[in-house]
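# What the coordinates show
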Amino acid sequence: MKKRCTHCILSEHFPGVSYDSEGVCSFCRDKSFLQTEENAIQKAQEQVDELLKTVKAQSNTYDAVMLYSGGKDSTYTLYQAVKKYGLKVLSFTLDNGYIPNQTFDNIVKITDKLGVDNLIFRPSKENMKAIVKASALYPIYNKRTMVRISSVCNSCISMVNTQALRIALEKNISIILAGFTLGQIPVNSIIYKNNYTFLEESRAKSNSLLRKYTGEWLDTYYNLPTSLVKNTVEWPTMVNLLCLEKLSEEEIVAAISTLGWTAPKNVDGCSSNCQLNTFNNVIHEKVYGYNPYELELSHMIRKGLIDRETAISKVETMDPELFKSIADDLQISEDEIGNAGSLYKTGK
Ligand SMILES: [Zn+2]
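As a starting point, this report considers the structure included with it.

Cut-offs and rules
- Residues numbered from 1 in each chain as written.
- Predicted model: local features only at pLDDT ≥ 70, side-chain atom pairs only at ≥ 80, totals over all residues.
- Heavy atoms only, no water.
- Buried < 20%, exposed > 50% of the residue type's maximum accessible area, 1.4 Å probe, protein only.
- Helix = DSSP H or I, 4+ residues; strand = E, 2+ residues; numbered from the N terminus.
- Arc of directions from axis to C-beta.
- Polar contact = N/O pair within 3.5 Å; in protein donor to acceptor, adjacent residues only side chain to side chain.
- Donors = N, O, S within 2.8 Å, 3.2 Å for Na, K, Ca; no water.
- Tetrahedral: all angles 85-135°; square planar, octahedral: opposite > 155°, others 65-115°.
- Patch = residues over 30% accessible without salt bridge, like charges linked within 9 Å, V, L, I, M, F, W, Y side chains within 5 Å.
- Areas by Shrake-Rupley, 256 points an atom, 1.4 Å probe, with all protein chains shown as cover.
- Salt bridge = Lys/Arg side-chain N within 4 Å of Asp/Glu carboxyl O.
- Lys, Arg positive; Asp, Glu negative; His and termini not counted.
- Charge placed at Lys NZ, Arg CZ, Asp CG, Glu CD.
- Expected span 1.5 Å × (residues − 1).
- Contact = heavy atoms within 4.5 Å.
- Axes fitted to C-alpha atoms, helices over the stretch in contact; angles between N-to-C directions.
- Parallel < 35°, antiparallel > 145°, perpendicular 65-115°, else oblique.
- Nonpolar A, V, L, I, M, F, W, Y, C, P; charged D, E, K, R; others polar.
- Core = buried A, V, L, I, M, F, W, Y, C linked by side-chain atoms within 4.5 Å.
- Disulfide = S-S within 2.5 Å.
- Pairing = 2+ DSSP bridges.
- Phe/Tyr/Trp six-rings, centres within 6.5 Å; stacked < 30°, edge-to-face > 60°.
- Lys NZ or Arg CZ within 6 Å of the ring centre and 35° of its normal.

### A closer look at helix α14 (residues 320–329)
When α14 is considered as a whole, its buried residues turn out to be Leu322, Phe323, Ile326 and Ala327. Seen end-on, α14 carries its buried residues on one side only, within an arc spanning 130 degrees. Turned more than 90 degrees away from the buried face of α14 sit Pro320 and Glu321, all of them exposed. Looking at where α14 begins, the residue whose side-chain oxygen comes 3.0 Å from the main-chain nitrogen of Glu321 is Asp319.

Have a look at this one:
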């Protein structure tokens, strides 16, 4: 059995973790953390309120474009955006080819119920598989990023972010909404102005690696057209509304169930919208020695939003058969997976 913090679920290979004589980790011992976070949330709430007031007064066709995966968190965020904040939202879904049918049913049901338009973008299966394979097998991203997210998830989310930014610019939309939670993103990312120059610079290395292992076509998904960048005066603001709430998974699910949302069955305990997640988690565990959801779930434990046993059951129930069927479909062998681990360790 894995050694974990006796209070949260951070395991021994998690970067920077150490345990005291009672087995409590260094992160749980930092008592000032939650208060600092509370203050930052309050400040972010004021900024969000101010921004929404300004944007709603402009009366554009859409106030915001929302990254809508159909999972529980983004469904709740969409619900909140429409019902609590009264925003006119254009929802946007990336179909990566691994979305369960139940999730598609949820997307249709929820957007219909909330009276929200939905756009779906589906990259070709061949290109998507090449991106997944390269992200899983090669050290594309720096280790610091991988503390919060698996490599493949990061590639998907970068693509979603780029495409949503493109939609926002083309349609003159000032806000991009996402359903990330604290633990998935740092507290200073609840609300921030998009800075494409910075984004391009920070992703230059990972994009060039990803391009090297896939093809020149990659830029279609990860870059904005030059003319669009040149003509942009005002960049949209990213807002993560769910970070402003303090809700347990049960409370979120109870609220969205009233809209007709149903949990898909064929996904792991860490996802409510993507089958690929199991594959990503197993690879991450093999390469780094810990599950990419440990940080988020541990954060929820410290805030009293989930109990430790439930959190452990979420990270320790990856279906080996689902993993194998995805690996086979991607034509990835056991040897290649083993080799990926050593590539990461040597940093090549
Ligand atoms: Zn801990």
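### Focus on the coordination of the zinc ion
Distances from the zinc ion to its protein donors, Cys5 (SG), Cys8 (SG), Cys25 (SG) and Cys28 (SG), fall at 2.2 to 2.3 Å. Coordination geometry of the zinc ion: the four donor atoms subtend angles of 105 to 114 degrees at the metal centre, consistent with an arrangement described as tetrahedral. Positions of the donor residues of the zinc ion along the chain correspond to the pattern C-x2-C-x16-C-x2-C. On the accessibility criterion, Cys25 (0% relative accessible area) is buried. Residue classification places Cys28 among the buried positions, given a relative accessible area of 7%.

### Section: a negative patch on the surface
On the surface, a cluster of negative charge is contributed by Glu250, Glu251, Asp307 and Glu309. As for its position among the elements, Glu250 is in helix α10 (residues 249–257). Judged by relative accessible area, which is 56%, Glu250 ranks as exposed.

### What to know about helix α4 (residues 101–114)
With 14 residues, α4 should cover 20 Å at 1.5 Å per step; its first-to-last C-alpha distance of 20 Å lies within 8% of that length. Every buried residue of α4 is accounted for by Thr103, Asn106, Ile107, Ile110, Thr111 and Leu114. Taken end-on, α4 shows its buried residues confined to a sector of 115 degrees, consistent with a single buried face. Turned more than 90 degrees away from the buried face of α4 sit Asn101, Asp112 and Lys113, all of them exposed. Buried residues along α4 sit against α3 (72–84), β2 (89–94), β3 (117–121) and α10.

### Topic: the packing of helix α11 (residues 276–288) against α14
Look at α11 against α14: their axes get within 9 Å of each other, and the N-to-C directions meet at 95 degrees. Taken together, the axes of α11 and α14 lie roughly perpendicular to each other. Facing Leu276, Thr278, Phe279, Val282, Ile283 and Lys286 of α11, the residues of α14 in contact are Leu322, Phe323, Ile326 and Ala327. Considered class by class, the residues forming the contact of α11 with α14 number eight nonpolar, one polar and one charged.

### Things to note about the nonpolar core
Cys25, Val132, Ile176, Leu276, Phe279 and Leu297 are the most contacted members of the largest nonpolar core, which has 79 residues in total. Among the nonpolar cores identified, the runner-up in size contains 37 residues, and Ile41, Ile110, Leu177 and Cys243 belong to it.

### Section: the state of the cysteines
The final tally for this structure, using the stated rule, is zero disulfides. Just so you know, Cys243 is unpaired, no disulfide at all, and the nearest cysteine sulfur is the one on Cys153, 17 Å from it. Exposure remark for Cys243: the relative accessible area of 2% places this residue in the buried category.

### Notes on the sheet that holds β2
Backbone hydrogen bonds are what pair the strands of a sheet, in a parallel or an antiparallel way. The mixed open sheet is built from six strands, whose spatial order is β3-β2-β1-β4-β6-β5. Both outer strands of the open sheet, β3 and β5 (191–193), are each paired with one neighbouring strand and no more. Taking the axes of each pair of neighbouring strands and ignoring which way they run, one obtains an average angle of 25 degrees across the sheet. With four bridges connecting them, strand β1 (residues 64–67) and β2 associate as parallel partners. If you follow Leu67 over to β2, its bridge partner there is Phe92. The sheet contacts of helix α6 (residues 151–170) involve β1, β2, β3, β4 (175–177) and β6 (237–239), and relative to β2 the element is tilted by about 145 degrees.

### Quick word on the pattern of salt bridges
Should their charged atoms come close, side chains of opposite charge can pair. Counting across every chain of the model gives 14 salt bridges. The salt bridge involving Arg166 is made with Glu170; its shortest N-O contact spans 3.1 Å. Of this pair, Arg166 and Glu170 both sit in helix α6, four residues apart, roughly one helical turn. According to the relative accessible area criterion, Glu170 is partly exposed, its value standing at 49%. One salt-bridge network, held together by shared partners, links Arg4, Glu294 and Glu316.

### Side note on the packing of aromatic side chains
What the rule picks out here adds up to nine aromatic pairs. Ring geometry for Phe14 versus Phe27: centroids 5.7 Å apart, planes at 80 degrees, classification edge-to-face. In this pair, Phe14 is assigned in the segment before α1 (26–29) and Phe27 in helix α1, connecting sequence segments 13 residues apart. For Phe14, a relative accessible area of 3% gives the class buried. Plain terms: the ring middles of Tyr196 and Trp235 are 5.6 Å apart, the flat faces sit at 10 degrees to each other, and that makes the pair stacked. You can see Tyr196 sitting in helix α7 (residues 196–213) and its partner Trp235 sitting in the loop between α9 (226–230) and β6, a full 39 residues away along the chain. Here Tyr196 and Trp235 have matching classes, each one buried. An aromatic cluster is defined as three or more aromatic residues linked by ring pairs; in this entry it consists of Phe14, Phe27, Tyr288 and Tyr290. For Lys125, the ring lying beneath its charged end belongs to Tyr98, and the centroid distance is 4.4 Å.

By themselves these figures say nothing about function.
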